[in-house]
Every structure is written in structure tokens, then in C-alpha cells.
Amino acid sequence: MTNKIIVGSEEWCSLPGLGIKAVKARVDSGAATSSIHAINITTFKRNGSTWVSYEVHPIQGSRKVTLLCESKLIDRRVIKSSNGETERRYVIREQLQLGDQSWDVDLTLTNRASMGFRMLLGREAMGQRILVDPSVNYNFGDYTEDEINLLYGNKNMPSTGLKIGLLASNPNLYSNRRIMEAGLQRGHEMFFYNIQQCYMKLDASEPEVHYRDGRILNDLDAVIPRIRPSMTFYGCALTRHFESLGVMALNNSEAITQSRDKLFSLQLLQKNNLDIPTSGFANSPADTTDLIDMVGGAPLIVKLLEGTQGKGVVLAETRKAAESVINAFKSLKANLLVQEFIKEAQGKDLRCFVIDGKIVASIERTAAPGEFRANIHQGGTASLVQITPEEKKLAIKAAKTMGLQVAGVDIIRSSKGPLLLEINSSPGLEGIETATGIDVAGAMIDSIEKKLGWKRPLPVDTSF
Ligand SMILES: Nc1ncnc2c1ncn2[C@@H]1O[C@H](COP(=O)(O)OP(=O)(O)OP(=O)(O)O)[C@@H](O)[C@H]1O
Ligand SMILES: [Mg+2]
Ligand SMILES: [Mg+2]
């Protein structure tokens, strides 16, 4: 006669020490470790030990009930999840109750929002106590939705997070994935909207944004526009429309529009006494010689205004080369910019990531051998850098002048001191997060929380 308890493949269990009165668990003897859905996970010290605080939404697919939990930290473990990705997780030990039996189990904390169950019960937690009968479910009873709501004393509790829309084109880009992830980790609802699939109703009394199949996007708290250069015109119009609906935009449409006009940006910076390399603009100058003289002769840099990622930036080493490049661009009827070549920078530039007037991270980019452009897309590499107070001031002032809450400010170190190269309103996250290890995406979400005066909601009463 065995005294093991028989459990099905899905069971309701409870974690009395955490105030989790009922949570539906997937019983999976194929998994070694157990986990529970947790967000906003942070560690803290109590009586000399490390503890972890986190929020749990115990009800599957719902964020109505939020429990603020604290547990002593037992371990940190690297877990390989079912999609093959590895994740570093905190491990806690809590009492598990199944039917009338209870015992201590180790649980890893992870965001299981996208999974079918808020909890996974793996074989280590089963010990010698359990026999799994996969043909059955809810051997210890089932709950209806009403019973669950009653159990948690849930009377229209407000949802905890903000609703944030990411306006972009490619959900698989590193930067976009990180922004979504950072928002979810902080307990917000994140929505990815493809800019091209949004359309707008212009109406004095009832403006609207619709998405794809006619769904009306009317309850967002904030949007994060990440507009690729080719979508500037439409993306800025969309952002402006959200603003007219009272939705906060990180960055606002006016600042983005302005920063995308390179000539205007450089003029604005100059006007505010921010140093840039000596530059000349032209469309189809008759006098190429004078244009070259204007910036001090060769070697010089010629830039196509429409270029990005270093494409369309040419170094002309001699006057002859400069003349041919300028004439070639002229025949294409392209707007161009000529600029003194900062040779002493030796193929390096700085990228400072500014949020709300503070530098959150900076890197130095170094061009590949034989190349003068430091762009990562041109084979440049990113490394950690200590920036000077003067560079810091320049970057912060540049972002402020451009009206950008979030900005990637590019600076080149010249013999005359730091000079601004350009200011980006949708700076990429991959190079800078990888090189510095700083959670830049998280800092962007923090900025929205601050601007909206959003505070983490108080936990509900967790006593039984
Ligand atoms: N005046 C200059 N002197 C020396 N090097 C320069 C100069 N201007 C640009 N560079 C190098 O070329 C790179 C690309 O130039 P820039 O940032 O102006 O254009 P871009 O990267 O194509 O534009 P975007 O960043 O908008 O995509 C810079 O990162 C820098 O390393
Ligand atoms: Mg650049
Ligand atoms: Mg740029």
C-alpha cells in the first residue's frame, strides 16, 4: 500500500506562505525545476540575508489580482527554457499545499505570462510524494471563475500596469524585443503595432486610431515610436495622432520630425552654440571649388542627407576626389553636406544614450581597420568608455535642444574638443546594452512611468 498522492496533469494548488490561495499548475515530470509566474523581481537585504520581492498574478490570463510577495533567496540558477533560451533565475523555497498534504518546494521566479499556466510543478518538487496520472485533471477539486474571484476577494480591482504601444516595423529587431520585454518585466501591458497597419480618423470631436482589422486603439497610456527612416513621414503623423488623443509619446512627434531633418538639426545645434564640424550644405552648386574651400579643402567628408548606417558617407582624400564625389551626387540631384574631416578621431566616435537629461550609457565605437566610419553596420565595434564632463554636458544639451526625451547623441573627439555628429531619435539598443550591460530598455520604460506619475500599486491584503 503506497501513501503517495495521485495527481493529474493539471492541478489547483496553494502556496499559503505567499497568500496564493489557488493557482493552477501544470504537472510536468519531464521538467526538473518548478517555477511560478513573477514580475517586478528585485532583491533586498533583511537581517543579513538576501531576500527577493516580486509580484504574482495568480489568475491565469488575468492581471486583476496582484499579490506582492517576499521570499528568502535560496539560490540563483541558469535555466534552459522550452524554447532553448537560457535565463538566470532566482530560486525561492515555499510551502506547497495539494489537497491535505503540504511540503516545501523550490520554485524559480520567471515571467510566465505567455505560458499556459502560472505555475509549473517539476519532478524535483514531487520528491517521493507524488504519482502522476496524466489521464486525469483536478484530483483535488476545481474552481469556477466566480469561486476564484471570491477567493481573492476581487471586486473590480484595477489592472496594475500601464498600457504601452510600441510603434515600429519589425518585432524581431533586438531593440524592439528588448523594449517589449522591459515593459512586461515591469508589469505593464505591452502591444506591438506595425506602423503601416495603423490608420487614423481625423475628426474634431472624436479622433481615433484604428489597427489592421478595424480594432480601435483607444485605451493606451503611452506609445514608443521607433520609426525607421523610410517611415518618418507616416510614423510621425501617427505619433501626432496619438498625442492628440492624449496619449504620451516617448519621443514626441515634433522632436522626431525635427531630428529627422539633418540640415535643420545642425542649424539648430549651431544656433544654440553646440559645436559641430565645420559643414557646408548644397543641392547643385555651380562652384564646387568654393564649396570645398568653405570647409577647409581636402581631405573632407561628403554625406548624402538621406543616408543612414554609414551608407552615403564618403571620405574624399584629395581635392580631385572631392570634386568627383560632389559632382556625382549633384548629378543624382541629391542634397549633400560637406564636412571637415576629423582625422585625429582615428575612426572612433562616441554614442551617448540620453534619457530625460541624463546619460544612461555611453560607448565608444571604433571603425574596422582601413575604415573611417565607426558605424556598427560598417563593421565597427563597441567598447566601454569614460566620457569627459565636457562631452557629458554637450550630449545632454544636444538632446535638450532637440526636445528629445530619448536620444542617441553621436560625438567625435577632435583637436578642438568634442563635436556633435548627429542626434538620433530612435537609437539602437543592441550595441550599447551588449557593451555596457546596462538595462537601457528598462530606463526607457522608467521614463514613461515617471512622466505619467505612475506608481507601483499597493499589494492587496494577502492574509487568509
Ligand atoms: N566629419 C567627420 N570626420 C570624421 N569621421 C566622420 C565625420 N563624419 C562622420 N564620420 C564617421 O562616419 C560615421 C557615419 O557618419 P554619420 O553618423 O554622419 O552618418 P550615418 O551614420 O550614415 O547617419 P545615421 O547615423 O543617421 O545613420 C560616423 O559614425 C563617424 O565615425
Ligand atoms: Mg551615425
Ligand atoms: Mg542619424
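Worth saying up front: this structure is predicted, and the values here are computed from it rather than measured.

What follows deals with the packing of aromatic side chains. Going through the model one piece at a time under the given rule, you end up with 5 aromatic pairs. Taken together, the ring pairs connect Phe191, Tyr193 and Tyr211 into an aromatic cluster. The ring of Trp51 carries Arg46 above its face, with NZ or CZ at 4.5 Å from the centroid.

To continue, consider the site of ligand 1. Contacts to ligand 1 come from 19 residues, most closely from Lys303, Gln309, Asp349, Asn375 and Glu422. Backbone polar atom of Ile342 to a nitrogen atom of ligand 1: 2.9 Å apart, as the coordinates give it. Here an oxygen atom of ligand 1 sits 2.5 Å away from a polar atom, N or O, in the side chain of Asp349. Here ligand 1 has 610 Å² of accessible area as a free molecule, and 94% of this is covered by the chains. Broken down by secondary-structure element, the contributors of at least two residues to the shell around ligand 1 are strand 20 (300–304), strand 22 (336–340) and strand 27 (417–424). Split by residue class, the shell around ligand 1 holds 8 nonpolar, 5 polar and 6 charged. Residues lining the shell around ligand 1 come from more than one domain, with at least three contributed by each of domain 3 (278–341) and domain 4 (344–452).

Buried residues of helix 6 (residues 262–271): Ser265, Leu266, Leu268 and Leu269, and no others. Down the axis, helix 6 shows its buried residues gathered within 160° of arc, on one side only. Near the N-terminus of helix 6, the side chain that reaches the backbone nitrogen of Leu263, with its oxygen 3.3 Å away, is that of Asp261.

With numbering aligned to this structure, UniProt lists the feature "binding site: Mg(2+) 2" (unreviewed entry) at Glu422 and Asn424. Among the structural elements, Glu422 can be located in strand 27. The contacts of Glu422, once residues within four sequence positions are left out, are Lys262, Gly408, Val409 and Asp410. With respect to the helices and strands, Asn424 occurs in strand 27. In contact with Asn424, not counting residues within four places along its chain, are Arg351, Leu404, Val406, Ala407 and Gly408.

Our focus in this paragraph is helix 8 (residues 319–331). Helix length check: helix 8 (13 residues) gives 18 Å between terminal C-alpha atoms against 18 Å at 1.5 Å per residue, within 8%. Of the positions making up helix 8, those classed as buried are Ala322, Glu323, Val325, Ile326, Phe329 and Lys330. A positive backbone phi angle near 55° is found at Lys333, which sits one or two residues after helix 8.

Let us look at the pairing of strand 15 (residues 208–211). Going residue by residue along strand 15, you find Glu208 and His210 tucked away on one face and Val209 and Tyr211 tucked away on the opposite face as well. In this sheet, strand 15 lies alongside strand 14 (residues 198–201) in antiparallel orientation, the contact comprising 4 bridges. For Cys198, the partnering residue across the bridge sits in strand 15 and is Tyr211. The turn linking strand 14 back onto strand 15 is made up of 6 residues.

This part takes up the sheet that holds strand 17 (residues 222–225). A sheet is described by the order of its strands in space; here 4 strands give the open sequence 13-12-17-18, paired in parallel fashion. The sheet is open, and its two borders are formed by strand 13 (189–194) and strand 18 (248–249), each paired with just one other strand. As defined by bridge partners, strand 12 (residues 163–168) adjoins strand 17 across 4 bridges and the pair is classed as parallel. When the bridges of strand 17 are listed, Gly165 appears paired with Val223. Taken strand by strand, helix 11 (residues 440–451) contacts strand 12, strand 13, strand 17 and strand 18, and its axis lies near 145° from that of strand 17.

Two measures define how a pair of helices packs: the angle their axes make with one another and the distance between the axes. Interhelical geometry of helix 3 (residues 174–185) versus helix 11 gives an angle of 55° and a closest axis separation of 8 Å. Taken together, the axis directions place helix 3 and helix 11 in an arrangement best described as oblique. Once helix 3 is placed against helix 11, the crossing between them reads as right-handed. Contacts between helix 3 and helix 11 involve Arg178, Ile179, Ala182 and Gly183 on the former and, on the latter, Ala441, Gly442, Met444 and Ile445. Counted by class, the contact of helix 3 with helix 11 contains 5 nonpolar, 2 polar and 1 charged residues.

Most of strand 26 (residues 406–414) sits inside the fold, with 8 of its 9 residues counted as buried. The pairing of strand 23 (residues 348–355) with strand 26 spans 6 bridges and is antiparallel. Across the sheet, residue Val354 finds its bridge partner in strand 26, namely Ala407. Where strand 26 meets strand 27, 7 bridges bridge the pair, whose relative direction is antiparallel. Looking across to strand 27, one finds that Ile412 is bridged to Leu419. Remark: 2 residues form the turn of the hairpin made by strand 26 and strand 27, two consecutive strands paired antiparallel.

What counts and how
In every chain, residue numbers begin from 1 and rise along the written sequence. Labels follow written order: the first chain is A, the first ligand is 1, and so on. Local features in a predicted model are, by the rule used here, given only for residues with pLDDT of at least 70; side-chain atom pairs are given and counted only at 80 or more, and totals for whole chains, interfaces and linings are based on all residues. Note: side-chain values were computed over all heavy atoms of the structure, leaving out hydrogens and water. Here the aromatic set is Phe, Tyr and Trp, taking the six-membered ring for Trp, and pairing holds for ring centres within 6.5 Å; pairs whose planes are under 30 degrees apart are stacked, those over 60 apart are edge-to-face, and all others are tilted. Geometrically, a lysine NZ or arginine CZ counts as sitting over a ring once it is within 6 Å of the ring centre and also within 35 degrees of the ring normal. Near residues are defined by distance, with any heavy atom within 4 Å of the molecule or strand qualifying the residue. By the criterion applied in these results, polar contacts are pairs of N or O atoms within 3.5 Å in which, for protein atoms, one can donate a hydrogen and the other can accept it, and in which residues neighboring in sequence qualify only through two side-chain atoms. Using the Shrake-Rupley algorithm and a 1.4 Å probe, accessible areas are obtained, with residue cover drawn only from the displayed protein chains. Working definition: helices are DSSP H or I runs of at least four residues, strands are E runs of at least two. Numbering for both runs from the N terminus. When residues are sorted by character, Ala, Val, Leu, Ile, Met, Phe, Trp, Tyr, Cys and Pro go into the nonpolar class, Asp, Glu, Lys and Arg into the charged class, and all the rest, Gly among them, into the polar class. Either an automatic procedure or a domain database provided the assignment from which the domain bounds are taken. Only protein chains enter the area calculation, which uses a 1.4 Å probe; residues under 20% of their type maximum are buried, those over 50% are exposed, and those in between are partly exposed. It is the directions from the helix axis to the C-beta atoms whose arc is reported. UniProt positions are given in the numbering used here, feature names are shortened, and annotations may be inferred rather than shown by experiment. Contact between two residues is taken to exist if any of their heavy atoms lie within 4.5 Å; hydrogens are not considered. The span expected for a helix works out to 1.5 Å for each residue beyond the first. If DSSP finds at least two bridges between two strands, the strands pair. Working convention: axes come from line fits to C-alpha atoms, limited for helices to the stretch in contact. Angles between N-to-C directions cover 0 to 180 degrees. Roughly parallel here means an angle under 35 degrees, roughly antiparallel means over 145, roughly perpendicular means 65 to 115, and every remaining angle is called oblique. In a left-handed crossing the near helix is turned counterclockwise from the far helix by less than a right angle, and in a right-handed crossing that turn is clockwise.

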